[in-house]
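Breakdown of the fold
What follows is the residue order along each chain.
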Amino acid sequence: MSLIKRNETNWLPSVFDDIFRTDWLGGTTNVNSIGTSIPAVNIMETEDSFNVEVAAPGMTKEDFNIELDNDVLTISSEDKKEKETTDKNGRFTRKEFSYSTFKRAFSLPDSVDSAKISASYNNGVLEIALPKKEEAKVQAKRLIDIS
């Protein structure tokens, strides 16, 4: 969230824009882009991993592009649709097309084992498993002898 000088007549919508545009877990969003739909994302931490769930019903696994570059995980998708209506002579009476895209980027903590990241797509949810490195996992409590 940034500190921006607001005028007294129109400050409330701008405050809400700042709040909802900020991804509190280090991600970035492109909320103000035309043709953009941002799917909901859940991030859960367990003792062994971080799990990211992206709600994307109606898509296929081929629709997604997942990249890892310098400990930044980027999830993106692009969808182009075209619909034609023609008359008996083959002339266009109407031609409509749509284009939608989204892109989310997350900075991964040092504790993630980037070589073991995996992803799957089931029932409209893209699931990304980010396993933790062995040294980052919670160690069992033990008693230390004094010599």
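An unreviewed UniProt entry annotates the protein chain as Heat shock protein Hsp20 of Christiangramia gaetbulicola. In UniProt, the protein chain has this text filed under Sequence similarities (unreviewed entry): "Belongs to the small heat shock protein (HSP20) family."

Thoughts on the nonpolar core
Val52, Phe64, Ile75, Leu126, Ile128 and Leu130 are the most contacted members of the largest nonpolar core, which totals 15 residues. Put simply, the parts of the chain that give this core at least two residues each are strand S2 (49-55), strand S4 (72-86), strand S5 (92-107) and strand S7 (125-131). Contacts of Leu130, omitting those with residues within four sequence positions, involve Ser49, Phe50, Val52, Leu73, Leu108, Val112 and Ile117.

Some words on the side chain of Ser77
Inspection of the secondary structure puts Ser77 in strand S4. Given the relative accessible area of 5%, Ser77 is considered buried. For Ser77, the side chain forms a polar contact with the main-chain oxygen of Asp63, separated by 3.0 Å.

Points about the pairing of strand S1 (residues 41-45)
One ladder, built from five bridges, connects S1 with S2; its direction is antiparallel. Residue pairing in the sheet places Asn42 in a bridge with Glu53 of S2. Hairpin connection, S1 to S2: the antiparallel pair is bridged by three residues.

A look at the pattern of salt bridges
Pairing is possible between side chains of opposite charge, provided their charged atoms come close. Evaluated as defined, the whole model comprises two salt bridges. Here Glu45 makes a salt bridge to Lys132, at a shortest N to O gap of 2.6 Å. With Glu45 in strand S1 and Lys132 in the segment after S7, this pair connects stretches of sequence that are 87 residues apart. A relative accessible area of 54% means that Glu45 is categorised as exposed. On the accessibility criterion, Lys132 (8% relative accessible area) is buried. The salt bridge partner of Asp113 is Lys116, with a shortest N-O separation of 3.8 Å.

Overview of unusual backbone geometry
In the Ramachandran plot, Asn70 falls in the positive-phi region, its phi being about 50 degrees despite a non-glycine side chain. Structurally, Asn70 can be placed in the loop between strand S3 (64-69) and S4. When its relative accessible area of 71% is taken as the criterion, Asn70 is described as exposed. For Asn123, which is not a glycine, the phi torsion comes out positive at approximately 50 degrees. Residue position: Asn123 is located in the loop between strand S6 (118-122) and S7.

A word on the pairing of S2
Taken together, the seven bridges between S2 and S7 define a ladder with antiparallel strand orientation. Paired with Asn51 across the two strands is Ala129, which belongs to S7.

Looking at the sheet that holds S7
Within the open sheet, the four strands sit side by side as S1-S2-S7-S6. Their pairing is antiparallel. At either margin of the open sheet sits one strand with a lone partner, and together these are S1 and S6. For this sheet, the mean angle separating the axes of adjacent strands, direction not counted, is 15 degrees.

Looking at the packing of aromatic side chains
Scanning the model with the defined rule gives two aromatic pairs in all. Where Phe64 meets Tyr121, the ring centres are 5.4 Å apart and the plane angle is 50 degrees; that geometry is what we call tilted. Separated by 57 residues along the polypeptide, Phe64 in strand S3 and Tyr121 in strand S6 bring together distant segments of the chain. Look at Tyr121 and you get buried, because its relative accessible area is 19%.

Rules used throughout
Residues numbered from 1 in each chain as written. Predicted model: local features only at pLDDT ≥ 70, side-chain atom pairs only at ≥ 80, totals over all residues. Heavy atoms only, no water. UniProt positions renumbered as here; feature names shortened; annotations may be inferred. Core = buried A, V, L, I, M, F, W, Y, C linked by side-chain atoms within 4.5 Å. Buried < 20%, exposed > 50% of the residue type's maximum accessible area, 1.4 Å probe, protein only. Helix = DSSP H or I, 4+ residues; strand = E, 2+ residues; numbered from the N terminus. Contact = heavy atoms within 4.5 Å. Polar contact = N/O pair within 3.5 Å; in protein donor to acceptor, adjacent residues only side chain to side chain. Pairing = 2+ DSSP bridges. Salt bridge = Lys/Arg side-chain N within 4 Å of Asp/Glu carboxyl O. Axes fitted to C-alpha atoms, helices over the stretch in contact; angles between N-to-C directions. Phe/Tyr/Trp six-rings, centres within 6.5 Å; stacked < 30°, edge-to-face > 60°.

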